[in-house]
Amino acid sequence: MPNRQDPSVSIIYPGKSPALTPLGEQPLVVETPAHELGDETTPTEKFFIRNNGTIPEPVADPLAWTLTIDGEVETPLTLTLRDIQSRFEQVTRHLVLECGGNGRSFYDPPAAGNAWTNGGVGCAQWTGVRLRDLLLAAGVKASAVFTGHYSADRDLKDPTKQAMSRGVPITKALDENNLIAWAMNGEPLPPIHGFPLRLVIPGWPGSVSSKWLTRIWVRERRHDEKGMTSYRVPIRPVVPGSTPDPDNLRDLESMPVRSIITAPHDGATLAADASHITVHGAAWAGDIDVARVDVSIDYGATWQPATLLPQRNAYDWHRWRATIARPAPGYYQIWARATDVNGVAQPHAPANWNPQGYGANPMHRVAVTVG
Ligand SMILES: Nc1nc2c(c(=O)[nH]1)N[C@H]1C(S)=C(S)[C@@H](COP(=O)(O)O)O[C@H]1N2
Ligand SMILES: [Mo]
């Protein structure tokens, strides 16, 4: 598949919008252009795709799918999806899912991996049960330190191997906002998004939200399967292009603050007779909340605050809008900068370069012509 710089290439995949941008074919990786993320809830047809291996064949009887929870628990459990749906409280939440590599293409020198711009993210409505409730039902032992997630997809080259296997510290696993989900936007999970059962662990790199989930191994130490050597970022910043000392890397955990401009779209021509430009967007900040979003049309020389709309629940994104008096005809760039509740804003340039390109959150910019 030609790369994303080729505008003639569109995604042809069942149930997916041709407006999405393919980044890779084997495995299938697809991002959503920022101007296609204008919905409060991302429709499934526009939701990004990140696979690392095969796409499992949909099972005929999803309610018979089993999930095992074992390891450092009092009572190992193997539950069918039917058991899970009947024994635990069902919850529906709007949760942001974002790939740890979102923004990677902005790094210079280029980092290895899929060249995400700002569209390795979406906010769908997920329905499932709390991961916490299942872990408590199994009885987490005091010795529990980490989870290890296992899935039905396979390595592309070696079908005896997992495509990937990730985990989180037990403290994050026990957060009440994590779901074991079977529905996305009110429908059974599509095959590509993990049918029939997946994790949604919001705020952290999407890779911990394992699709086609079969087992959660509660471990007495950090998980060490394939997938745990990636998603690491420098503790002390390194020279761009260099190879960091392994001791100077830590797991990327909470995702950094980010905003996207969803309208106008990059390259738009705006009517000269309108009195205002209305800018729309979304913002989120990993495990914490967004405090504010500001926009600029003069390369950051001056800023105006955007109106931040409330979240529908924790780990939802905020929609925002800003009204800017229409400037004189000409070429402008609209910049958006979100700031989290700790006062940390998006940087002008992608910070903390790392070879695999995780955590780049520079301000989003769109170019527009007025008149
Ligand atoms: N089993 C399995 N789960 C997985 C993956 C995978 O390749 N296999 N990819 C992960 C990554 S890297 C991301 S960003 C999200 C993407 O979820 P989506 O494809 O539903 O958008 O799924 C995660 N869960
Ligand atoms: Mo990812």
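Only a predicted model underlies this, so the values are computations on that prediction, with no experimental measurement involved. (Residues numbered from 1 in each chain as written. Chains lettered and ligands numbered in written order. Predicted model: local features only at pLDDT ≥ 70, side-chain atom pairs only at ≥ 80, totals over all residues. Heavy atoms only, no water.)

Q: Sorry, what's going on with the pattern of salt bridges here?
A: Close approach of charged atoms lets side chains of opposite charge pair. Taken as a whole, this structure holds 17 salt bridges when the rule is applied. In this structure, Lys161 and Asp158 form a salt bridge, with 3.6 Å as the shortest nitrogen-oxygen distance. What makes Lys161 partly exposed here is its relative accessible area of 45%. For the salt bridge of Arg292 with Asp294, the shortest nitrogen-to-oxygen distance reads 2.7 Å. Taking the relative accessible area as the measure of exposure, Arg292 reaches 41% and is therefore partly exposed. One network of salt bridges, with partners in common, ties together Arg219, Glu220, Arg221 and Asp224. (Salt bridge = Lys/Arg side-chain N within 4 Å of Asp/Glu carboxyl O. Buried < 20%, exposed > 50% of the residue type's maximum accessible area, 1.4 Å probe, protein only.)

Q: Looking at this model, I keep getting lost on the environment of Gly206. Mind explaining?
A: When you line up the elements, Gly206 lands in the loop between strand S11 (198–200) and strand S12 (213–219). Sequence separation between Gly206 and Leu23 is 183 residues; the distance between their C-alpha atoms is 16 Å. (Helix = DSSP H or I, 4+ residues; strand = E, 2+ residues; numbered from the N terminus.)

Q: Please clarify how the state of the cysteines should be interpreted in this entry.
A: What is meant by a disulfide is a covalent connection between two cysteines, made through their sulfur atoms. This structure, assessed with the given rule, holds zero disulfides. As a non-bridged cysteine, Cys123 has Cys99 as the owner of its nearest cysteine sulfur, 16 Å distant. (Disulfide = S-S within 2.5 Å.)

Q: Any chance you could explain the domain arrangement of the chain here in plain terms?
A: Interface size is commonly expressed as the accessible surface area that is lost when the partners come together. The domain architecture assigned to the chain consists of domain 1 (21–251) and domain 2 (258–370). Once you take the C-alpha centre of each, domain 1 and domain 2 turn out to be 27 Å apart. Across the boundary between the two partners, domain 1 contributes 48 residues, which contact 28 residues of domain 2. Carbon and sulfur atoms make up 56% of the surface buried where domain 1 meets domain 2, a total of about 3200 Å² over both sides. Counting the surface domain 1 buries against domain 2, the share from its top three residues, His94, Tyr107 and Asn118, is 19%. At the boundary of domain 1 and domain 2, one finds two salt bridges. Put simply, Lys172 and Asp287 hold a salt bridge, and the shortest N to O gap is 2.9 Å. One can count 26 residue pairs in polar contact (both at pLDDT 80 or more) joining domain 1 with domain 2. Secondary structure elements with two or more residues in the side of domain 1 that touches domain 2: strand S6 (90–98), strand S7 (121–130) and strand S13 (232–234). Counted by class, the side of domain 1 that touches domain 2 contains 22 nonpolar, 17 polar and nine charged residues. (Domains from an automatic or database assignment. Contact = heavy atoms within 4.5 Å. Buried area = accessible area lost by both parts, 1.4 Å probe. Polar contact = N/O pair within 3.5 Å; in protein donor to acceptor, adjacent residues only side chain to side chain. Nonpolar A, V, L, I, M, F, W, Y, C, P; charged D, E, K, R; others polar.)

Q: Could you clarify how one ought to interpret the environment of Ala183 in this entry?
A: Looking at where Ala183 falls in the secondary structure, it is placed in strand S9 (residues 179–184). Residue classification places Ala183 among the buried residues on the basis of a relative accessible area of 8%. Those residues in contact with Ala183, other than ones at most four positions away along the chain, are Gln125, Trp126, Thr127, Pro188 and Leu189.

Q: I'm lost on unusual backbone geometry in this one. Help?
A: Note: most residues except glycine have negative phi, and most peptide bonds are trans. In this structure, the amide linkage connecting Gln26 to the following residue, Pro27, adopts the cis form with an omega of 0°. Mapping Pro27 onto the fold places it in the loop between strand S1 (21–24) and strand S2 (29–31). Here the amide bond leading from Phe195 into Pro196 is cis, since omega sits at 5°, within 30 degrees of zero. Its place among the elements puts Pro196 in the loop between strand S10 (187–188) and S11. Despite not being glycine, Asn352 shows a phi value in the positive range, around 50°. Considering the arrangement of structural elements, one finds Asn352 in the loop between strand S22 (330–340) and strand S23 (364–370). On the basis of relative accessibility, which here comes to 31%, the residue Asn352 falls in the partly exposed class.

Q: Help me out: how do you make sense of the sheet that holds S2 in this one?
A: Within a sheet, neighbouring strands are paired by backbone hydrogen bonds and run either parallel or antiparallel to one another. The strand order across the open sheet formed by three strands is S1-S2-S3, and the pairing between neighbours is antiparallel. What marks the edges here is a single partner per strand, and that holds for S1 and strand S3 (49–50). By the bridge criterion, three bridges tie S1 to S2 in an arrangement that is antiparallel. Bridged to Thr21 within S2 is Glu31. (Pairing = 2+ DSSP bridges.)

Q: I would appreciate a short explanation of the site of ligand 1 in the present structure.
A: Among the 20 residues in the neighbourhood of ligand 1, the closest are listed as Phe48, Asp153, His193, Arg198 and Lys211. In the model, an oxygen atom of ligand 1 is placed 2.7 Å from a nitrogen or oxygen of the Asn52 main chain. One nitrogen or oxygen atom from the side chain of Ser151 is found 3.1 Å from a nitrogen atom belonging to ligand 1. Expressed as a share of its isolated accessible area of 540 Å², the protein-covered part of ligand 1 is 100%. In terms of residue class, the shell around ligand 1 is built from eight nonpolar, eight polar and four charged. (Near = heavy atom within 4 Å. Areas by Shrake-Rupley, 256 points an atom, 1.4 Å probe, with all protein chains shown as cover.)

Q: How should the pairing of strand S8 (residues 146–151) be read in this particular structure?
A: Strand residues, when the strand is regular, have side chains that alternate between the two faces of the sheet. Of all six residues in S8, six are buried; the element is thus mostly enclosed. Two strands pair when backbone bridges link them, and S8 and S12 are joined in this way by six bridges, in the antiparallel orientation. Paired with Gly148 across the strands is Trp217, a residue of S12.

Q: I keep staring at the nonpolar core and nothing clicks. Help me out?
A: It is characteristic of soluble globular proteins that their nonpolar side chains tend to be buried jointly. Of all hydrophobic cores here, the largest spans 30 residues; its most connected members are Leu134 and Ile180. If you list the elements that add at least two residues to this core, you get strand S4 (66–71), strand S5 (77–80), helix H1 (81–87), helix H2 (131–138), helix H3 (170–173), S9 and S12. With four residues, H2 is the single largest residue contributor to this core. Beyond its immediate sequence surroundings of up to four residues, Ile180 is in contact with Leu67, Gly128, Val129, Leu131, Leu134, Leu197, Arg198, Leu199, Leu213 and Ile216. (Core = buried A, V, L, I, M, F, W, Y, C linked by side-chain atoms within 4.5 Å.)

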